[in-house]
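Single-letter residue listing:
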Amino acid sequence: MKTIKRELYLSQIRKYYDIDLIKVLVGVRRAGKSVILKQIIDELKKSTDKKHIVYINFEDLEYSEIDTAKKLNDAIKARVVDSKKYYLFFDEIQHVQEFEKALASFKATLNASIFVTGSNSKLLSGELATLLVGRTVEFKIMPFSYYEAVQLLEKNKVEVSADFIYNYIKWGGLPQRFDFTEEKNIKNYIESVYSGIVEKDIYKRDSQIEKNKFNSVASYILSNAGKEFSAQSVVNYFNSNNEANKKSFEKKTVYNYIDKLQKSYLISRVKRFNIVGKEVLKTIEKHYAIDTGFRTINTNLVNYEDTFFLENIIYNELILRGYIVYTGKTYKSEIDFVVTDGKKKCFVQVSYLMPGQETLKREFGAFSPIKDSSPKYVLSLDKIDLSHDGITHVNIEDFLLHKKDLFLA
């Protein structure tokens, strides 16, 4: 398929093209980071001599020998032949040992604008990262949003059916999955991406990891994305199914594996906000999959009516729009999301459909304990406007397609 221009990200990165900060694009593998780099290069070519644009993909065998900071330094210095500005693009730079040293050197000695990508949040962590403190700006790249997925299909003259929303809920937005139309092929592709992430970004980085345990915990976390998390519950679940060794799972193991899932960008961790006490709770959290396709391949049954798939998509969309998002807790109920921009906020409840008064009362009634006057929203797939009692109802597709937005106060 012909790709789309990812203007949401380009509009953010564009203002930094000539600013002396290292532009770091991070995110899960196959989310489209390399494509965005190439779109940036295409824009720069309109005003820059292509000899002053250097692109290296460290997952390309052609560059496999450049695996240390010294080799990278030598390779770039050989390409820089004058004092004009160079634009340096390093794709999946984590494959280069001590790459931070090379980047710090380029920044200090060259007239260059530097762009890098990586698929693990350890990209700029650790002792070497101190070389780059205050010298980077980070952009998190996510799989296609629903809006981008629709744009992609329309650009390729593929009919966007009325039930495409369900296809997206189930299979998510990994860009290349749209090259396939049959569900078995989509599933096989997502499984291959998932296994590649686990092998390259988790197992390869930790040779001591117990693969069977990790696979079990990862599958459990992804299949229960959006549900309230308890490490002890996870431990109890696995140990109750493992009579041979009751102590085979421990809480520290679960937390360690969750940390690895987060650092490879497979999940996001979401803190809970105590609405009454107006504070963020440190110990209670939820997890959402970075892409619902990863949840689907770890779940036996996709039950749309449990709303967790929808919650996952709404959470990712809110993060994509730059909001800070928490789950909410009142003294007697839960609110799906507390959405804030740092100063203002709103409350969001997500529902599949509200076919009767009982469901309507439950979803809208979730706000009844909240005395806070911030805007309150119920998002669902219902086509008719069900707003009442000062609570705004928004159709989920309208929200995802940017036809409707949230107001924070």
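Scroll up a little and you will see the structure.
Heads up: these notes are all about the structure in this document. (Residues numbered from 1 in each chain as written. Predicted model: local features only at pLDDT ≥ 70, side-chain atom pairs only at ≥ 80, totals over all residues. Heavy atoms only, no water.)

Relative to each other, helix α8 (residues 211-223) and helix α9 (residues 231-240) sit at 125°, their axes nearing to 12 Å. When the interaxial angle is binned, α8 and α9 end up oblique. In this structure, α8 meets α9 at a crossing whose hand is right-handed. Where α8 approaches α9, its residues S216, V217 and Y220 are matched on the opposing element by V234, Y237 and F238. Tallied by class, the residues present in the contact of α8 with α9 amount to 5 nonpolar, 1 polar and no charged. (Axes fitted to C-alpha atoms, helices over the stretch in contact; angles between N-to-C directions. Helix = DSSP H or I, 4+ residues; strand = E, 2+ residues; numbered from the N terminus. Parallel < 35°, antiparallel > 145°, perpendicular 65-115°, else oblique. Left-handed = near helix turned anticlockwise from the far one by under 90°. Contact = heavy atoms within 4.5 Å. Nonpolar A, V, L, I, M, F, W, Y, C, P; charged D, E, K, R; others polar.)

Here the focus is the pattern of salt bridges. Considering all chains together, one arrives at 28 salt bridges under this definition. In this structure, E183 and K170 form a salt bridge, with 3.2 Å as the shortest nitrogen-oxygen distance. Within this pair, whereas E183 is found in helix α7 (residues 183-203), its partner K170 is found in helix α6 (residues 164-171), the two being separated by 13 residues in sequence. The class of E183 is partly exposed, set by a relative accessible area of 40%. Among the charged side chains, a network of salt bridges with common partners joins K5, E7, R14 and E43. (Salt bridge = Lys/Arg side-chain N within 4 Å of Asp/Glu carboxyl O. Buried < 20%, exposed > 50% of the residue type's maximum accessible area, 1.4 Å probe, protein only.)

Core analysis: the biggest nonpolar cluster contains 81 residues, and L72, L88, F90, I93, L103, F106 and F294 have the highest contact counts within it. The dominant element in this core, judged by the number of residues it contributes, is α7, at 9 residues. Non-local contacts of F294, meaning those with residues more than four positions away in its chain, are made with V28, L174, I190, V193, Y194, I197, L222 and L266. Ranked by size, the runner-up nonpolar core spans 38 residues in total, among them L152, V302, V339 and V348. (Core = buried A, V, L, I, M, F, W, Y, C linked by side-chain atoms within 4.5 Å.)

Relative to the 18 Å expected for 13 residues at 1.5 Å per residue, helix α12 (residues 308-320) spans 18 Å between its end C-alpha atoms, a close match to the ideal helical length. Judged by how many residues are buried, α12 sits mostly within the fold: 12 of 13 residues are covered. For α12, the complete set of buried residues consists of F308, F309, L310, E311, N312, I313, I314, Y315, N316, E317, L318 and L320. G322, located one to two residues past α12, shows a positive phi value of around 90°. (Expected span 1.5 Å × (residues − 1).)

On to the packing of aromatic side chains, then. Under the counting rule described, the total for this entry stands at 22 aromatic pairs. Judged by centre distance (6.5 Å) and plane angle (50°), the ring pair of F164 and F178 falls under tilted. Here F178 lies in the loop between α6 and α7 and F164 lies in helix α6, a separation of 14 residues in the sequence. Each member of the pair F164 and F178 is classed as buried. Residues F229 and Y255 carry aromatic rings whose centres are separated by 6.2 Å and whose planes lie at 75° to one another, so their mutual orientation is edge-to-face. With F229 in the loop between α8 and α9 and Y255 in helix α10 (residues 251-263), this residue pair connects regions lying 26 residues apart in the sequence. On the basis of relative accessible area, Y255 is assigned to the partly exposed category, the value being 38%. Among the aromatic residues, those joined into a cluster by ring pairs are F144, Y146, F164, Y168 and F178. Between K213 and the ring centre of F249, over which it is positioned, the NZ or CZ distance is 5.5 Å. Directly above the aromatic system of F309 lies the positively charged group of R295, at a separation of 4.4 Å from the ring centroid. (Phe/Tyr/Trp six-rings, centres within 6.5 Å; stacked < 30°, edge-to-face > 60°. Lys NZ or Arg CZ within 6 Å of the ring centre and 35° of its normal.)

A word on the pairing of strand β10 (residues 345-350). Within a regular strand, the side chains alternate between the two sheet faces. With 5 of 6 residues buried, β10 lies mostly within the body of the structure. Where strand β9 (residues 334-340) lies against β10, 4 bridges are found, and the strand directions are antiparallel. Opposite T340, over in β10, you have K345 as the bridge partner. What sits between β9 and β10 in their antiparallel hairpin is a turn of 4 residues, with G342 showing a positive phi close to 105°. Relative to strand β11 (residues 376-380), β10 runs parallel, the two sharing 4 bridges. (Pairing = 2+ DSSP bridges.)

Purely geometric numbers; function is a separate question.
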